[in-house]
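Analysis of the macromolecular model
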Amino acid sequence: MKAFDIQPVDTSLKTTIQEKIDNLNKPKGSLGRLEELAMQVCLIQQTLEPSLAHPCHLLLGGDHGIEREGVSVSPREVTWQQMINFTRGGGGVNMFCRQHCFKLRVVDVGVDYDLSNVPGIINRKVAYGTKNFLYESAMSEEEFDKAIQVGVDLVDDCCAEGCRVLSIGEMGIANTSPSSIWMHLFGNIPLEECIGAGAGLNNDGIRHKYKVLSISLERCPSDIKHQTSAIIRYFGGFEMVAAIGAMQRAAEQHLIILVDGFIMTACAVAAIRLYPAVQDYMIFTHCGDESGHKRMLDIVGAKPLLHLGLRLGEGTGALCAFPIVDSAVRMMNEMNNFDNAKITKYF
């Protein structure tokens, strides 16, 4: 397994940053969460003049063997169909990337379809979908390492373009199932509280999903359940493992990481379990409508920026929240202070 050198953010500038925030021409603390975000971004970048230059969005696609057990209302072909749709600009992720000027990279990490000749899709396929974890590990150690490296390489490509802020999304039918199992094992939360409707299961579908995941956990070798990397490998998807690799590399490179919804929060929790300092670089952008998302955010004490009832995935919630982060950065760079504005500082 690849090792990363991820350091906690250096807090030596904290007092100086706070002084600048408090001297902006506003009542002390009056911009609330924007001030907290400004502090976090300044500490990540070690500057009083932060930048959100060249924002990039990774859209990672992969299929899941567990889909064969009927745990999703959507059939697996929707994964590759949507991947092609993204190249034509027709997805929610496309709209938000255009709106907020993010460079979108659509990446096949493990889709169960040959997309190698589709213009606009980056081919980083590890395999044609994972194996079915009801019966065996979703991926081998070699496949796990390859998926991690995909995420690393993609972040390096973004950094070469001057990227300072990264968001990550996913496309993978049935990926709420591994996310629910990670939530159960990493958060010590009863499995039934971790399972929701996904793309639209009814109550019978949710009960069936719970039964399948329960049996999968019973069959999983007991030693697997006590090792973070083994849990990730046994139940995860290639797009999810690539996202973890991307998060780890982004933290190593001191990028701002915008964390999206239920699946990406599961990936964030997994990344934090492996390297706790990764969390210093993460902004949790929203609490979605998928059952259990708030509980998963609570595992790492995250405070999401938005509550809009979103559950689309693709990284759309992270993109929606970007203007709030942008406002925090503009506050630091564009707002006047009391001295320059010749306003009496009254506190």
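This one's a predicted model, so the numbers in the text were calculated from it and none came from an experiment.

Here is what the cut-offs are and how they apply
- Residues numbered from 1 in each chain as written.
- Predicted model: local features only at pLDDT ≥ 70, side-chain atom pairs only at ≥ 80, totals over all residues.
- Heavy atoms only, no water.
- Axes fitted to C-alpha atoms, helices over the stretch in contact; angles between N-to-C directions.
- Helix = DSSP H or I, 4+ residues; strand = E, 2+ residues; numbered from the N terminus.
- Parallel < 35°, antiparallel > 145°, perpendicular 65-115°, else oblique.
- Left-handed = near helix turned anticlockwise from the far one by under 90°.
- Contact = heavy atoms within 4.5 Å.
- Nonpolar A, V, L, I, M, F, W, Y, C, P; charged D, E, K, R; others polar.
- Salt bridge = Lys/Arg side-chain N within 4 Å of Asp/Glu carboxyl O.
- Buried < 20%, exposed > 50% of the residue type's maximum accessible area, 1.4 Å probe, protein only.
- Pairing = 2+ DSSP bridges.

Moving on, we get to the packing of helix 6 (residues 176–187) against helix 10 (residues 262–274). Contact geometry of helix 6 with helix 10 gives a least axis separation of 9 Å together with a crossing angle of 40 degrees. In this view, helix 6 runs oblique relative to helix 10, as classed from their interaxial angle. As for how helix 6 packs across helix 10, the hand of that crossing is left-handed. Contact with helix 6, carried on its side by T176, S179, S180, W182, M183 and F186, involves F262, I263, A266, C267, V269, A270 and R273 of helix 10 and no other residues of that element. For the contact of helix 6 with helix 10, a count of residues per class yields 9 nonpolar, 3 polar and 1 charged.

This brings us to the pattern of salt bridges. Scanning all chains against the criterion turns up 17 salt bridges. Residues R249 and D156 are paired through a salt bridge, measuring 2.7 Å at the closest nitrogen-oxygen approach. With R249 in helix 9 (residues 238–252) and D156 in helix 5 (residues 141–160), the pair connects residues that are 93 residues apart, well separated along the chain. Given the relative accessible area of 19%, R249 is considered buried. On the accessibility criterion, D156 (27% relative accessible area) is partly exposed. In this structure, a network of salt bridges that share partners links the residues E67, R68, R76 and D112.

What follows covers the sheet that holds strand 1 (residues 56–62). The strand order across the open sheet formed by 6 strands is 3-2-1-4-5-6, and the pairing between neighbours is parallel. Each having just a single partner strand, strand 3 (121–123) and strand 6 (282–284) make up the two edges of the open sheet. On average, adjacent strands in this sheet sit at an angle of 30 degrees to one another, irrespective of strand direction. Pairing of strand 5 (residues 256–259) with strand 6, which is carried by 3 bridges, proceeds in the parallel orientation. Pairing of V259 across the sheet is with F284, part of strand 6. Each of strand 5 and strand 6 touches helix 2 (residues 32–45); the most contacted strand, strand 6, lies at about 160 degrees to it. This element, helix 5, spans strand 1, strand 2 (103–110) and strand 4 (165–171) of the sheet and lies at about 155 degrees to strand 1.

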